[in-house]
Amino acid sequence: MLKFSIILTFILFSCKHSTQENIIPNIESTDIISVPSYFGVLPQPTYNIATKEGIELGKKLFFDPILSSNNQVSCGTCHLPEFAFAEPNTIFSTKGVSKKELHRHTPALLNLAWHNGFFWDGGATSLEAQAFGPITHADEMNQNLRELVLELKKNNQYVDLFKKAFPSDTISSQKIAFALSQFQRSIISAKSKYDSYLKLKDSTVFSLLEWKGYKLFLLKCESCHKEPFLTDFSYNNNGLDSTFTDITHEELFKGRYRITLDLKDLGKYKTPSLRNIMLTAPYMHDGRLSNIDDVLEHYSQKIKKSPTLDVFLTNKISLSMEEKNNLKAFLNTLTDL
């Protein structure tokens, strides 16, 4: 949703807490959100446990442009379900209220319940806090939260939906964030050919090319893209740049450093999951690599060295043309069917 990362300390969260169709799951499930056993238990904050009603409200809000100041931009405007909730073929989105270019590529939204940092540099530590960033950012949805609440209170359908989803009759910005977070936690990617292999542990699920690609992936890629989520949920410098001196746009180009102010984090960005990767081009935090061939060529030949470069990339990842084709065959198995 948000390409600009903001450290969010909202009054709404300073209080009282103790603590496309093939991708959106069936929320009629007995367990509300169904996940495969190899994912483990679905993480949820104790103050915002998902309910069917909460997910349904969050889904409606996610696709409703009422969240924006001009009532023309929704979360789903940039996060398209048929593309793993990413925005394909666009380096920097211009779909926000201001129509200005944003400076981060729109990320996919998949298996977010297991993540502990949001935005490309981890500027928010929960989905609940993250939700306010795109809604209030001047170049995205540019919404005044108080005005949004008043607008929703005038909508009888939303009054009814909030009443069903939460114990209180009151519509608040906090509950808007809770509902959006419940819906986003319900977006589970676990229906690919790769998942069939994880369930059966039967290599015949794959073609020979796919199997060779999988074995190569385990050898050369899995250090950062760990199974089964295909991300390490961390931040890495993958050799896109050798210097990080650009301080424009609130130091966006310094990576996670702008959040931690730790020099060890210069040039580090969140490791994206490879699930549905073939749907989400262009690639990297700034969309600079237009297709998967460019990505493989980057890791094979174009790694730029810097003090914070990931240790596994110091010698590049040598890939022959045959190996690249095998890897692409495997990456295609990560698309939800």
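Sequence positions are assigned chain by chain, starting from 1 and proceeding in written order. Reporting of local features is limited, given that this is a predicted model, to residues whose pLDDT is at least 70; pairs of side-chain atoms are given and counted only at 80 or more, and all residues count toward the totals for whole chains, interfaces and linings. Only hydrogens and water are set aside; all other atoms, that is, all heavy atoms of the structure, feed into the side-chain values.

Colleague: Pulling in residues and values, what's your account of helix α12 (residues 292-301)?
Modeller: Type-normalised accessible area, obtained with a 1.4 Å probe on protein chains alone, sets the label of each residue: buried when under 20%, exposed when over 50%, and partly exposed for intermediate values. A run of H or I in DSSP becomes a helix once it reaches four residues, and a run of E becomes a strand once it reaches two; helices and strands are each numbered from the N terminus. When we look at burial in α12, the residues that qualify are I292, V295, L296, H298, Y299 and S300. Residues count as neighbours in contact if any of their non-hydrogen atoms are within 4.5 Å of one another. Turning to α12, the residues buried within the fold contact α13 (321-332). For α12, the capping residue at the N-terminal end is N291, with a side-chain oxygen 3.1 Å from the backbone nitrogen of D293. The term polar contact refers here to a pair of N or O atoms within 3.5 Å; inside protein, the definition further demands a hydrogen-donor-capable atom paired with an acceptor-capable atom, and it admits residues adjacent in sequence only when both atoms are side-chain atoms.

Colleague: Please provide a residue-by-residue account of the side chain of H115, values included.
Modeller: Its place among the elements puts H115 in the loop between α2 (75-78) and α3 (127-130). A relative accessible area of 12% means that H115 is categorised as buried. A distance of 3.0 Å separates polar atoms of two side chains, one belonging to H115 and the other to K270. Dropping the residues within four chain positions of it, H115 is found in contact with L110, F233 and K270.

Colleague: Could you give me a rundown of the confidence of the model for the protein chain, with the residues and numbers involved?
Modeller: The quantity known as pLDDT measures the predictor's confidence residue by residue, on a range of 0 to 100. For the protein chain, per-residue confidence averages 90 on the pLDDT scale, and residues scoring 70 or more make up 91% of the total. A low-confidence stretch, residues 1-30 stays under pLDDT 50, and its non-local contacts, those more than four residues away or across chains, total 94 contacts.

Colleague: Before we move on, could you go through the environment of P307 and cite the residues and values that matter?
Modeller: Along the chain, P307 falls in the loop between α12 and α13. Among the residues examined, P307 registers a relative accessible area of 84% and is labelled exposed.

Colleague: Now, about the nonpolar core: what can you tell me, with residues and values included?
Modeller: Residue types Ala, Val, Leu, Ile, Met, Phe, Trp, Tyr and Cys, when buried and joined through side-chain atoms within 4.5 Å, form a set referred to as a nonpolar core. Residues L57, L61, L67, L152, F162, I176 and L180 are the most contacted members of the largest nonpolar core, which totals 48 residues. Taken together, the elements giving at least two residues each to this core come down to α1 (52-62), α4 (132-136), α5 (145-153), α6 (156-165) and α7 (173-185). Sorting elements by how many residues they give to this core places α7 first, with six residues. Apart from the residues lying within four places of it in its own chain, the contact partners of L67 are L61, C75, I135, M141, Q143, L148, I176 and L180. Counting residues in hydrophobic clusters, the runner-up holds 30 residues, among them L216, Y299, L313 and L334.

Colleague: A description of the layout of surface pockets should follow, citing residues and the corresponding values.
Modeller: Here the idea is plain: a probe the size of a water molecule rolls over the atoms and shows the empty space left. Grid points spaced at 1 Å over the protein atoms alone were grouped into cavities, where a 1.4 Å probe fits but cannot get out, and pockets, open sets with protein on both sides within 12 Å along at least five of seven lines, with lining residues defined by an atom within 4 Å of a point. Grid points are joined across faces, edges and corners, and a volume is the space filled by probe spheres set on the points. Considered as a void within the structure, the second largest pocket measures approximately 160 Å³ in volume. The wall of the second largest pocket is formed by 14 residues, among which D241, T243, F244, F253 and R288 lie closest to the centre. In this classification, Asp, Glu, Lys and Arg are treated as charged, Ala, Val, Leu, Ile, Met, Phe, Trp, Tyr, Cys and Pro as nonpolar, and every other residue, Gly included, as polar. The class makeup of the residues in the lining of the second largest pocket is four nonpolar, six polar and four charged.

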